[in-house]
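One letter stands for each residue in the lines below.
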Amino acid sequence: MLKGSDLFHIPFYKKSPYTGSMNGMRFYIEKASENDTDVFRVWIFPGPYCFEKTASELKQSKTFAFTEESIPVIADWLNGQYEERRAYWMQHTSILSDFS
């Protein structure tokens, strides 16, 4: 399970998006603009491929305020999404797991 402390602070997201995964559920966190306001846009999608190589219809996103207080909320949302569909995510683990 992710904790807010597992994710970066605001200065990181001002420069770069962040990607990670949890047992087949991949995520992509970026700073975006919505109605001239900075927000976090958080995407979840099945592995094993990167964000750019995953079909759009397999991605789901949610926006959060671009504040430090949102970071633990994002971690909680990611954990909830993982728990809700654990069996689905486990079907999409890394292609490298076939070679272990």
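Up top is the structure.
These numbers come from a predicted model, not from an experiment.

Colleague: A description of the overall build of the protein chain should follow, citing residues and the corresponding values.
Modeller: A tally of regular secondary structure across the protein chain gives three helices and four strands. Of the regular secondary structure in the protein chain, the N- to C-terminal order runs α-β-β-β-β-α-α. Scaling as 2.2 N^0.38, a compact globule of 100 residues should have a C-alpha radius of gyration of about 13 Å, and the protein chain matches this with 14 Å. Across its three principal axes, the protein chain shows a C-alpha extent of roughly 45 × 25 × 20 Å. Per-residue burial for the protein chain yields a buried fraction of 37% across its 100 residues. Residue pairs at least 24 apart in sequence account for 45% of intrachain contacts in the protein chain once pairs closer than 6 positions are excluded. When the accessible area of the protein chain is evaluated, it comes to approximately 6200 Å², of which 51% is carbon and sulfur surface.

Colleague: Outline the environment of Asn-79, listing residues and values.
Modeller: For Asn-79, the location among the structural elements is in helix α2 (residues 70-84). C-alpha of Asn-79 to C-alpha of Met-1: the two residues are 78 residues apart in sequence and 6.1 Å apart in space. The residues contacting Asn-79, other than those within four sequence positions of it, are Met-1, Leu-2 and Met-22.

Conventions adopted
Residues numbered from 1 in each chain as written. Predicted model: local features only at pLDDT ≥ 70, side-chain atom pairs only at ≥ 80, totals over all residues. Heavy atoms only, no water. Helix = DSSP H or I, 4+ residues; strand = E, 2+ residues; numbered from the N terminus. Rg over C-alpha atoms; globule rule 2.2 N^0.38 Å. Buried < 20%, exposed > 50% of the residue type's maximum accessible area, 1.4 Å probe, protein only. Contact = heavy atoms within 4.5 Å. Areas by Shrake-Rupley, 256 points an atom, 1.4 Å probe, with all protein chains shown as cover.

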